[in-house]
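Report on the structure
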Amino acid sequence: MEESSQGSFVTTINEEYETICWGCGLNLVLPSYAPVFKCGWCGAITNQNPVRVETRNFGLRRFRDRCFVVILAVFMLFVICGGIWAAFPVVFSISLACGIFHSVVVVSLAISTLSTFILVAFKCAGKPIDILYGTHPGVGSGALNNYTFCHHCSKPKSPRTHHCRTCGMCVLDMDHHCPFIGNCVGAGNHKNFIAFLISAVISTIYASVMCVYTLIHILPPLENQAAYASDMAHANSVSVLRVVKNIILAYIANAIFVSVRGLVLVYLFVASFSVAIGLSVLLWQQLSYIYEGKTYLSHLSSQGSEEDGEKSCGNLLKFFGCPLLIERYLPTVRNLRKRHKT
């Protein structure tokens, strides 16, 4: 207790209260200004602030995801069936070997894309492991280190586990919730999600190429085609753009002569090419996070901090289950930095 210049007295009061750790059940004495604390025995983190469990719009979110799944499945079936109907007669008219090769590629890509889509959509995203909590004799020292308690599921939640309000469950190593598959992407189906993206990107690129190849044989021949070819061979960059523009306008002018098969191919090309670009960006983003040893949610939580994970090709090998012996032959970012400094 100290006396101030005005004659009044200033005193420091240490208000403490007793609380119970949810992890081990031990009684703890904490200051009143500590809404979040970590147990010194089991390591569990307790948040004293009440968590409001929200269940509003849960049914609407689930219905939205189911609609997206149906739309995506119908789109994939349309691309497969429409491509077969529009491209196969032209491909088989070229040669029998070309038609057989195209059939094998289409069937393989269709089975791969649809099977991985079904797996990632209906497979469990990653259920957390059930762990003992609440009893001091049963919970050992540090057994719940950095664990938190999920008030939605009323269960312990590991550091890399997040609760998805759309799915209504905690997901281990949750990356994000994707409405187009109607499921979360987590430890249980992350590999299937990457496999689906790879298969879908290859399928859409192949569909785009085959649509262009088939359209060349379906569209009526252009007038002055030899003149266009001569201009392309002897023109500079500005003239090339002008010639390409004239060719596109010529094809648009002949669009009235395009059959229904040609219109379907044009739509398939636009749809497949745009989807291929979007999925390629998403695939590159996912592989970048895996290379950094992070997920999308952990990347968001680490923004603004100085945490820099181990950027290594070994993270990719570990993710896909490849032998770690290959890692020694692959360069890492840290090794490159060390070599650059020396």
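Residues numbered from 1 in each chain as written. Predicted model: local features only at pLDDT ≥ 70, side-chain atom pairs only at ≥ 80, totals over all residues. Heavy atoms only, no water.

Under an unreviewed UniProt entry, the name given to the protein chain is S-acyltransferase, and the source organism is Raphanus sativus. Taken directly from UniProt, the Catalytic activity (unreviewed entry) text for the protein chain runs: "L-cysteinyl-[protein] + hexadecanoyl-CoA = S-hexadecanoyl-L-cysteinyl-[protein] + CoA". (UniProt positions renumbered as here; feature names shortened; annotations may be inferred.)

For the rest of this paragraph, the subject is the pattern of salt bridges. Tallying each qualifying case throughout the model produces two salt bridges. Taking the shortest distance from any N to any O, the salt bridge between Asp65 and Arg64 comes out at 3.0 Å. Classification of Arg64 as partly exposed rests on a relative accessible area of 34%. (Salt bridge = Lys/Arg side-chain N within 4 Å of Asp/Glu carboxyl O. Buried < 20%, exposed > 50% of the residue type's maximum accessible area, 1.4 Å probe, protein only.)

Enumeration according to the criterion identifies zero disulfides in this entry. Looking at Cys21, it has no disulfide partner, and the nearest cysteine sulfur is the one in Cys42, 3.7 Å off. (Disulfide = S-S within 2.5 Å.)

It is the contact of helix α6 (residues 260-291) with helix α8 (residues 313-320), at a shortest axis distance of 7 Å, that shows an interaxial angle of 105°. With respect to each other, α6 and α8 are oriented roughly perpendicular. For the pair formed by α6 and α8, the contact residues are Leu287, Ile290 and Tyr291 on the first element and Cys313, Asn315, Leu316, Phe319 and Phe320 on the second. Looking at side-chain class alone, the contact of α6 with α8 contains seven nonpolar, one polar and no charged residues. (Axes fitted to C-alpha atoms, helices over the stretch in contact; angles between N-to-C directions. Helix = DSSP H or I, 4+ residues; strand = E, 2+ residues; numbered from the N terminus. Parallel < 35°, antiparallel > 145°, perpendicular 65-115°, else oblique. Contact = heavy atoms within 4.5 Å. Nonpolar A, V, L, I, M, F, W, Y, C, P; charged D, E, K, R; others polar.)

Once that is clear, we can look at the packing of aromatic side chains. Taken as a whole and judged by the stated rule, the model has 10 aromatic pairs. Taking 5.0 Å as the distance between ring centres and 35° as the angle between the ring planes, the aromatic pair formed by Phe68 and Phe180 counts as tilted. On the criterion of sequence distance, the pair formed by Phe68 in helix α1 (residues 58-94) and Phe180 in the loop between β11 (176-178) and β12 (183-185) is long-range, its members being 112 residues apart. When the centroid spacing of 5.7 Å and the interplanar angle of 65° are considered together, the rings of Phe78 and Tyr267 count as edge-to-face. Of this pair, Phe78 sits in helix α1 while Tyr267 is found in helix α6, placing the two residues 189 residues apart along the sequence. Three or more aromatic residues joined by ring pairs make a cluster, and in this case those are Trp22, Tyr133 and Phe149. (Phe/Tyr/Trp six-rings, centres within 6.5 Å; stacked < 30°, edge-to-face > 60°.)

A few words on the pairing of strand β10 (residues 169-172). Note that strand β9 (residues 161-164) and β10 share four bridges and pair antiparallel. Bridged to Cys164 within β10 is Met169. The turn linking β9 back onto β10 is made up of four residues, and Gly168 within it adopts a positive phi angle of 75°. (Pairing = 2+ DSSP bridges.)

Despite not being glycine, Asn146 shows a phi value in the positive range, around 65°. If you trace the backbone, Asn146 turns up in the loop between α2 (96-122) and β7 (148-150). The backbone of Asp173 sits at a positive phi, close to 50°, despite the residue not being glycine. Note on placement: Asp173 falls in the loop between β10 and β11. Given a relative accessible area of 24%, Asp173 falls into the partly exposed group.

This paragraph deals with the side chain of His190. Position of His190 among the secondary structure elements: in helix α3 (residues 190-218). With near-sequence residues (within four places) excluded, His190 lies in contact with Asp175, Val185, Gln286, Ile290 and Phe319.

The biggest cluster of nonpolar side chains holds 18 residues, and the ones touching the most others in it are Phe117, Ile181, Phe193, Phe196 and Leu197. Secondary-structure elements contributing two or more residues to this core are α1, α2, α3 and α6. Top contributing element to this core by residue count: α3, with six residues. Once you skip the residues sitting within four places of it in the chain, Leu197 turns out to touch Leu279, Leu282, Leu283 and Gln286. (Core = buried A, V, L, I, M, F, W, Y, C linked by side-chain atoms within 4.5 Å.)

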